[in-house]
Amino acid sequence: MANNNPNIEGLLSHATEKKVNAKAKVETAIKKMLKENININFNSVSHAANVSKTFLYKEQTIRDRIEYLRKQQEGLSSVKSFKRNVSETSKDVIIEALKNKIENLNRKIATLEQEKEQLQFQLKKDLGKVYENI
């Protein structure tokens, strides 16, 4: 005997409540991600809000918002993209500066090695004088 008039009000109210809670979690996650400057996409929002990606895609308002924010963030340049866009002349300037720095350090090393040899020679002289006086 099948029930011709099943009572599904409880199921429907629970599903509606679950959907409202999920939307609230998504909104909270998006706000937090914006505040912390985290990239927004369906995968990251799904993980942050602990909801399924299917839910995000099915809810049109949430989907539109994520797509809008994702496109908005694409325009922002990150440090990685900045490094990729460094021109060849900038690279040449950096290389030249580093070469100059290496040359200066090599000159300083040579000067310090000369001083070291002079000091070692002077030490040998002084030690010789000490042994002569003994």
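See the structure above.
Residues numbered from 1 in each chain as written. Predicted model: local features only at pLDDT ≥ 70, side-chain atom pairs only at ≥ 80, totals over all residues. Heavy atoms only, no water.

1. Some details on the side chain of Gln-73
Inspection of the secondary structure puts Gln-73 in helix α4 (residues 60-74). Leaving out residues up to four positions away in the same chain, Gln-73 has contacts with Leu-34, Ile-38, Asn-39 and Ile-40. (Helix = DSSP H or I, 4+ residues; strand = E, 2+ residues; numbered from the N terminus. Contact = heavy atoms within 4.5 Å.)

2. As for the environment of Lys-25
Looking at the element boundaries, Lys-25 is found in helix α1 (residues 9-35). Residue classification places Lys-25 among the partly exposed positions, given a relative accessible area of 40%. Counting along the chain gives 25 residues from Lys-25 to Asn-50, while the straight-line C-alpha distance between them is 7.8 Å. Sequence-distant contacts of Lys-25, defined by excluding residues within four places in its chain, comprise Ala-49, Asn-50 and Val-51. (Buried < 20%, exposed > 50% of the residue type's maximum accessible area, 1.4 Å probe, protein only.)

3. Focus: the nonpolar core
Here is a general trend for soluble globular proteins: nonpolar side chains tend to be buried in one another's company. Ranked by internal contacts, the top residues of the largest apolar core, which has 15 residues, are Val-26, Val-45, Leu-56 and Ile-66. By residue number, the principal contributor to this core is α1, which donates five residues. (Core = buried A, V, L, I, M, F, W, Y, C linked by side-chain atoms within 4.5 Å.)

4. Some points on the pattern of salt bridges
A complete count under the given rule lists five salt bridges for this structure. A salt bridge links Lys-19 to Glu-59, with the nearest nitrogen and oxygen atoms 3.4 Å apart. One end of the pair, Lys-19, is in helix α1; the other, Glu-59, is in the loop between α3 (53-58) and α4, and 40 residues separate them in sequence. Owing to a relative accessible area of 41%, Lys-19 belongs among the partly exposed residues under this scheme. Measuring nitrogen to oxygen at the nearest pair gives 3.3 Å for the salt bridge that ties Glu-59 to Lys-23. Of this pair, Glu-59 sits in the loop between α3 and α4 while Lys-23 sits in helix α1, placing them 36 residues apart in sequence. Several salt bridges share partner residues, and in doing so they unite Lys-19, Lys-23 and Glu-59 into one network. (Salt bridge = Lys/Arg side-chain N within 4 Å of Asp/Glu carboxyl O.)

5. Details of α1
With 27 residues, α1 ought to run about 39 Å at 1.5 Å a step, and its terminal C-alpha atoms sit 39 Å apart, in line with that. Among all positions in α1, only Ala-22, Val-26, Ala-29, Ile-30 and Met-33 are buried. Packing partners of the buried residues in α1 comprise α2 (42-49), α3 and α4. Asn-37 sits one or two positions beyond α1 and adopts a positive phi of about 60°. (Expected span 1.5 Å × (residues − 1).)

6. As for unusual backbone geometry
One can expect most non-glycine residues to show negative phi and most peptide bonds to be in trans. The phi torsion at Asn-37 lies on the positive side, around 60°, for a residue other than glycine. Among the secondary structure elements, Asn-37 is positioned in the loop between α1 and α2. Note on Asn-37: relative accessible area 61%, which makes it exposed. In this model, Asn-50 sits at a positive phi of 60°, which is unusual for a non-glycine residue. Residue position: Asn-50 is located in the loop between α2 and α3.

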